[in-house]
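# Secondary and tertiary structure notes
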Amino acid sequence: MSATFSTPPTRPSGATPNRPSANPSANTPSAAGPNATGPKALPLGATSFGATMPGIDLRTIAEADFSAIHQAWIDHQVLVFPAQDLTDADLAAFSRRFGDLDHAPVQENGQRTAGGMPEIYVVSNVIENGVAIGSLGAGEAVWHTDMSYLPAPPKASMLFALEIPPTGGDTWFCDMYAAFDSLPPDLRQRALGLRVKHDGTYNSGGYLRQGVTPTEDPRQAPGTLHPLVCTHPESGRRMLYLGRRRMAWIDGLSLPESEALLDEIWAHATQADLSFAHHWRVGDLVLWDNRCTMHRRDPFEATSRRIMHRTQIKGAAPPAA
């Protein structure tokens, strides 16, 4: 079992093309931290965005090696750990090394957790005895940042693959540092100082969140205002912070003005050369920095089984400019 970040053989309508990336095994290993004998992060392409860390058993990580992993996560934003053999308790224990864990959110099928552990969120299309064991089904999950409608969104998420479909279900990531850095100067200047409404009406699968009354006016929708341009609290770098497109609104602008500006920024942030796809293998654990990336999921056949267990690490403070 090995993890690859690659272009899917076919691309569903509306999916973003993959950016060019090298075979991870062909990249020069770089030490993830000051200990040259510790875990190595292998960049996935010409930039630092995304890396794989093979040959690591996440159940038995020494403190020095964890420090190297943590630094690699800050440096690369998305890390994949292939060929893991984790129980839910193992997944939770490794996740807690990054901070306190959130409980699984209440989604379209209620709160779906694993093994009586409220911090293990089940993402699945599987139906057992007429009951969905998880959330988000088999359709596309649009570009989003996890739980960004909260005042203090989670700082990280982890997804562990237990069962995967034969085709489809790839997860795409885009680099929000690069999205900000590459903005045209006039658009960058306009974005500074603005706040965007992060909507809490719908989840990434397009399902209405339980207990929420929908509205067609983004200004009236539940959610939180966050700076459109934020500063990462650990790297000190600036990034765009968008959340999700549906029902977003830029504070202080009319709806037509807000829609036009958001359309322009979203088209820029999700362009092909700022994103890549992860093609899952059973046993892959993927960790991403929720503060400086967005992600989405390709659809897959509803008759196929896909079971993923997810954790998310609590954020310490609201996103700040």
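All of the points below concern the structure found in this document. Numbering of residues starts from 1 in every chain and runs along the sequence as written. Where local features are concerned, this predicted model is filtered to residues with pLDDT of at least 70; where side-chain atom pairs are given and counted, the filter is 80 or more; whole-chain, interface and lining totals use all residues. Side-chain calculation: all heavy atoms of the structure are included, whereas hydrogens and water are not.

### Quick look at the overall build of the protein
Numbering goes from the N terminus for both helices and strands, where a helix is a DSSP run of H or I of at least four residues and a strand is a run of E of at least two. Of regular secondary structure, the protein possesses 5 helices and 21 strands. Classification of residues uses two cut-offs on accessible area relative to the type maximum, computed with a 1.4 Å probe and protein chains only: under 20% is buried, over 50% is exposed, and between them is partly exposed. A total of 321 residues make up the protein; the buried ones form 54% of that total. Restricting the contact set of the protein to residue pairs at least 6 apart, pairs at least 24 apart contribute 77%. A total of about 13,100 Å² of accessible surface is found on the protein, and carbon and sulfur atoms cover 53% of it. Between two residues, a contact is recorded if the distance between any of their heavy atoms is within 4.5 Å. Residue burial considers only the protein chains on display, and all accessible areas are found by Shrake-Rupley using a 1.4 Å probe.

### A word on the sheet that holds strand β14 (residues 223-227)
A pair of strands is treated as paired once DSSP finds two or more bridges between them. Read from one edge of the open sheet, 3 strands run β14-β13-β17, paired in antiparallel fashion. Only two strands of the sheet have a single neighbouring strand rather than two, namely β14 and β17 (249-250). Pairing of strand β13 (residues 195-199) with β17, which is carried by 2 bridges, proceeds in the antiparallel orientation. Its bridge partner being in β17, lysine 197 is matched across the sheet by tryptophan 249.

### Topic: unusual backbone geometry
The phi torsion at leucine 136 lies on the positive side, around 80°, for a residue other than glycine. Structurally, leucine 136 is set in strand β9 (residues 135-136). We note that methionine 147 has phi near 55°; this positive angle belongs to a residue other than glycine. Its place among the elements puts methionine 147 in the loop between β10 (141-144) and β11 (156-163).

### What about the packing of aromatic side chains?
Note on ring pairs: Phe, Tyr and Trp rings are taken, using the six-membered ring of Trp, and paired if centres are within 6.5 Å. Classes follow the plane angle, with under 30 degrees stacked, over 60 edge-to-face and the rest tilted. The full count for this structure, using the stated rule, is 8 aromatic pairs. Ring geometry for phenylalanine 173 against phenylalanine 276: centres 5.8 Å apart, planes inclined by 40°, an arrangement best described as tilted. Of the two residues, phenylalanine 173 sits in strand β12 (residues 171-175) while phenylalanine 276 sits in strand β18 (residues 275-278), which places them 103 residues apart along the sequence. Residue classification places phenylalanine 173 among the buried positions, given a relative accessible area of 0%. A residue is classified by how much of its surface remains accessible, and phenylalanine 276, at 1% relative accessible area, is buried. Among the aromatic side chains, those forming a connected cluster through ring pairs are Phe66, Trp73, Phe81, Phe94 and Phe98. Charge-over-ring placement is defined geometrically: NZ (Lys) or CZ (Arg) within 6 Å of the ring centre, and within 35 degrees of the ring normal. The ring of phenylalanine 180 has arginine 188 sitting right over it, with the charged end atom 5.3 Å from the ring centre.

### Some remarks on the environment of glycine 168
Structurally, glycine 168 is set in the loop between β11 and β12. We classify glycine 168 as partly exposed; its relative accessible area is 31%. Taking C-alpha positions, glycine 168 is 9.8 Å from glutamate 140, a pair spaced 28 residues apart along the chain. Excluding its chain neighbours within four sequence positions, the residues that come into contact with glycine 168 are Pro299 and Phe300.

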